[in-house]
Amino acid sequence: MDPEEAELLNDYRYRSYAAVIEKALRNFESSSEWADLISSLGKLNKALQSNLKYSLLPRRLVIGKRLAQCLHPALPSGVHLKALETYEIIFKIIGTKWLARDLFIYSSGLFPLLSHAAMAVKPVLLGLYERYFLPLQRALLPSLQAFTMGLLPGLEEGLEVYDRTDALLCRLGHLVGQRVLYGALWGSVLVCPLVRLPATLFIVSHFDRMAAPRLQRDMLGTDYRLVVRSICLSLQDSNVLVQRNMLEILLYFLPFATCLDPAEGAIPLSREDMITVVSAAALTLLRRDMSLNRRLYAWILAHSRELLVEALVSILKQKDSKSDPENVLEYLKPFRVIISLLDKPEIGPVLVSDVLLEVVRAFHCYCRESLGEDSPNSSTSSSTSSSHIASKMKENKVTSEIIKTVNMLFNAMSADYLWDYLTKRFHTCLSSSASVARSNPGAPSLSNLGRPSTSLYFYWASLPLRPVEPVVVVSEPVVWANQEAVFQPAGSEDSGLGLSASPSEQHLLPGRDWSDTAMGVCPQREDVWRRGGSVESITHNVQEILAAVINRYLLCVVEEDQGKAAAAQPDRSAPSLGKKGSRSPGRSGSRDPHVHYPRSKEPAG
């Protein structure tokens, strides 16, 4: 108990005053209708004015509770006006000193009122704030954010009290300090979605667009991390007007040219902070709102490529794995953002090469997650398992939507571009430059190449091939640098041919220096072969594919041409036959000196 209050309790006149007020408060307990509340408030007013000698009210906690109940949104404006009349009587009695000390008692009922008050009530409430609260000045600091949140609903455009509320906030800023006021505003934006629109409107309407942002740093408060969090939440708000105002703030206060410069930037920002803000801003594209897109593009069309790429990668990786797997929208957002960016020729096509690999990785991860597969299968894929997975993907609605959206993304790209991109990625996988891997940790590794090569091995027969010229085939073992032969020549049962790349064919990987090793790679090199990859399995698959393709599509063409030539010009000399009576390529008449023909099997005995 306050010492002053304890001393007053020894005064019989104060005890008599307390008894009168307590009797008036008991009337609220028997009130059953709103008219009864007005009557009870009138009796309380008389009790309060019965002894104006004492500035310390007895039973003030109960008084504050009853007045807050009388300001309930469901009650009519008549009750609200009568309660405000009681508040004013109390404030006149207690003065600035006790109002500052007991502000928490009376603010619990007053501060929320402006958001739901009738038009007749709003001016009366603002009058109380102007006459009794502003004179408190810095004594308002403990309740400043709550007071600010209570004032912001008066900034709704079109309200009669808009100008009056705006002026009251400006006066408040002069009394407590601009930076302190705006710090309370940004705090309100963070914790209360209902006041984000008026708060952002107040900020947008008061900064000077002709002045440098660093000259108006006070408008970003004192806690810059709080500002970043508030910006990100506002950019994801359901109200498009909130998003529009926040993009205006970004466009002015956080331009890409200076935002990371400590000397020129409005607030100190790290690169990670800026990537977080860009990620949140990019998600506004999902609204498909021209007013938002116009402001966003005006903001990012300058010095923003690297940050935007990192932001898009962050969006692809930020899918919450603990969220509801049935919430398909969470899976589709990243792809839809990139699709929207592709509509802007100055942005999307320039960035797509930098994020396409992460798109594929995210697509694979999302599909596995939606199917309930926590970790990839390390074993070699087969046609049976692939069919099973394809069936599961068709039955799963979430996966079907993911596939549909990703198809929309890839349909926006030409086939030539996609094949060229895949070629470059395969070249990156096979590159032995350790510096490239270290400088770009997100580059594809051998483990990424393993599955495509295996799938190509199983499905090569269904791939159409154009007619090609005969190729050079040499039956030689594959030899690694400074190593013995690791693999025997892979052959076809029909032809007995082995396959390997001749030195003249090593131009297939342009820009690669093959002079250091026979094949340019070594299975023991940790900087080349990553965990999950296998040089043996990949090379074996490639050899099998080449052997099957040559046997099916190339050798048959050579044999047909030789047969037609033999039929048209019969050989005068007796042909040398093989074991099964077939013509041996090694005994043919004329040979092309530029083509090395494979050796035939010699007859046994």
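Residues numbered from 1 in each chain as written. Predicted model: local features only at pLDDT ≥ 70, side-chain atom pairs only at ≥ 80, totals over all residues. Heavy atoms only, no water.

Caption draft 1: Here's a closer look at helix H13 (residues 240-253). Spanning 14 residues, H13 covers 20 Å between terminal C-alpha atoms, matching the ideal 20 Å at 1.5 Å per step. Of all the 14 residues making up H13, eleven are buried; the element is thus mostly covered by neighbouring parts of the structure. The complete set of buried residues in H13 reads Val240, Val242, Gln243, Asn245, Met246, Leu247, Glu248, Ile249, Leu250, Tyr252 and Phe253. The inward-facing, buried residues of H13 abut helix H10 (178-191), helix H11 (196-206), helix H12 (224-235), helix H14 (271-282) and helix H15 (290-300). Two or three places before leucine 241, at the opening of H13, asparagine 239 has a side-chain oxygen 2.9 Å from that residue's backbone nitrogen. (Helix = DSSP H or I, 4+ residues; strand = E, 2+ residues; numbered from the N terminus. Expected span 1.5 Å × (residues − 1). Buried < 20%, exposed > 50% of the residue type's maximum accessible area, 1.4 Å probe, protein only. Contact = heavy atoms within 4.5 Å. Polar contact = N/O pair within 3.5 Å; in protein donor to acceptor, adjacent residues only side chain to side chain.)

Caption draft 2: Structural context of the nonpolar core. In terms of nonpolar packing, the biggest core is built from 143 residues, with Leu48, Phe91, Leu110, Tyr129, Phe133, Leu172 and Trp299 touching the most fellow members. Of all the elements, helix H5 (residues 77-101) adds the most residues to this core, at eleven residues. Those residues in contact with tryptophan 299 that lie beyond four places of it in its chain are Leu250, Leu251, Leu254, Pro255, Phe256, Met274, Val277, Val278 and Ala281. (Core = buried A, V, L, I, M, F, W, Y, C linked by side-chain atoms within 4.5 Å.)

Caption draft 3: Spatial organisation of the environment of lysine 397. With respect to the helices and strands, the residue lysine 397 is situated in helix H20 (residues 397-411). Each C-alpha atom, one on lysine 397 and one on serine 370, is 9.1 Å from the other, the two residues being 27 residues apart in sequence.

Caption draft 4: Region of interest: helix H4 (residues 60-70). Among the residues of H4, those classed as buried are Arg60, Ile63, Gly64, Arg66, Leu67 and Cys70. Buried residues in H4, looked at end-on, bunch into an arc of 165 degrees, giving them a common side. Turning to H4, the residues buried within the fold contact helix H1 (3-8), helix H2 (12-26), helix H3 (34-48), H5 and helix H6 (103-110). (Arc of directions from axis to C-beta.)

Caption draft 5: Structural view of the packing of helix H17 (residues 328-342) against helix H18 (residues 348-370). Interhelical geometry of H17 versus H18 gives an angle of 160 degrees and a closest axis separation of 10 Å. As far as their axial angle goes, H18 and H17 are roughly antiparallel. Read as a crossing pair, H17 and H18 show a hand that is left-handed. Contact residues: H17 offers Tyr331, Pro334, Phe335, Ile338, Leu341 and Leu342, while H18 offers Gly348, Pro349, Val352, Val355, Val359, Ala362, Phe363, Tyr366, Glu369 and Ser370. In the contact of H17 with H18, the residues fall into 13 nonpolar, two polar and one charged. (Axes fitted to C-alpha atoms, helices over the stretch in contact; angles between N-to-C directions. Parallel < 35°, antiparallel > 145°, perpendicular 65-115°, else oblique. Left-handed = near helix turned anticlockwise from the far one by under 90°. Nonpolar A, V, L, I, M, F, W, Y, C, P; charged D, E, K, R; others polar.)

Caption draft 6: Molecular detail of unusual backbone geometry. A positive phi is found at glutamine 137, a non-glycine position, where the angle reads about 50 degrees. In this fold, glutamine 137 is placed in the loop between helix H7 (122-133) and helix H8 (144-151). By relative accessible area, glutamine 137 is classed as partly exposed at 41%.

Caption draft 7: Molecular detail of the packing of H3 against H4. Between H3 and H4, the shortest axis-to-axis distance is 11 Å and the interhelical angle comes to 145 degrees. Our pair here, H3 against H4, has a crossing hand that is left-handed. Between H3 and H4, the contacting residues are Leu37, Leu41, Leu44 and Leu48 on the first element and Ile63, Leu67 and Cys70 on the second. In terms of residue class, the contact of H3 with H4 is built from seven nonpolar, no polar and no charged.

Caption draft 8: Examining the packing of aromatic side chains more closely. Summed over the entire model, instances satisfying the criterion amount to 22 aromatic pairs. A centroid spacing of 6.5 Å and a plane angle of 80 degrees characterise the contact between tyrosine 87 and tyrosine 106, whose relative ring orientation is edge-to-face. Residue tyrosine 87 is found in helix H5, and its partner tyrosine 106 is found in helix H6; the two are separated by 19 residues along the sequence. When the centroid spacing of 5.5 Å and the interplanar angle of 65 degrees are considered together, the rings of tyrosine 331 and tyrosine 366 count as edge-to-face. Of the two residues, tyrosine 331 sits in helix H17 while tyrosine 366 sits in helix H18, which places them 35 residues apart along the sequence. A relative accessible area of 0% means that tyrosine 331 is categorised as buried. For tyrosine 366, a relative accessible area of 2% translates into the label buried. Chaining the aromatic ring pairs together yields one cluster made of Tyr87, Phe91, Tyr106, Phe111, Tyr129, Tyr132, Phe133 and Phe147. (Phe/Tyr/Trp six-rings, centres within 6.5 Å; stacked < 30°, edge-to-face > 60°.)

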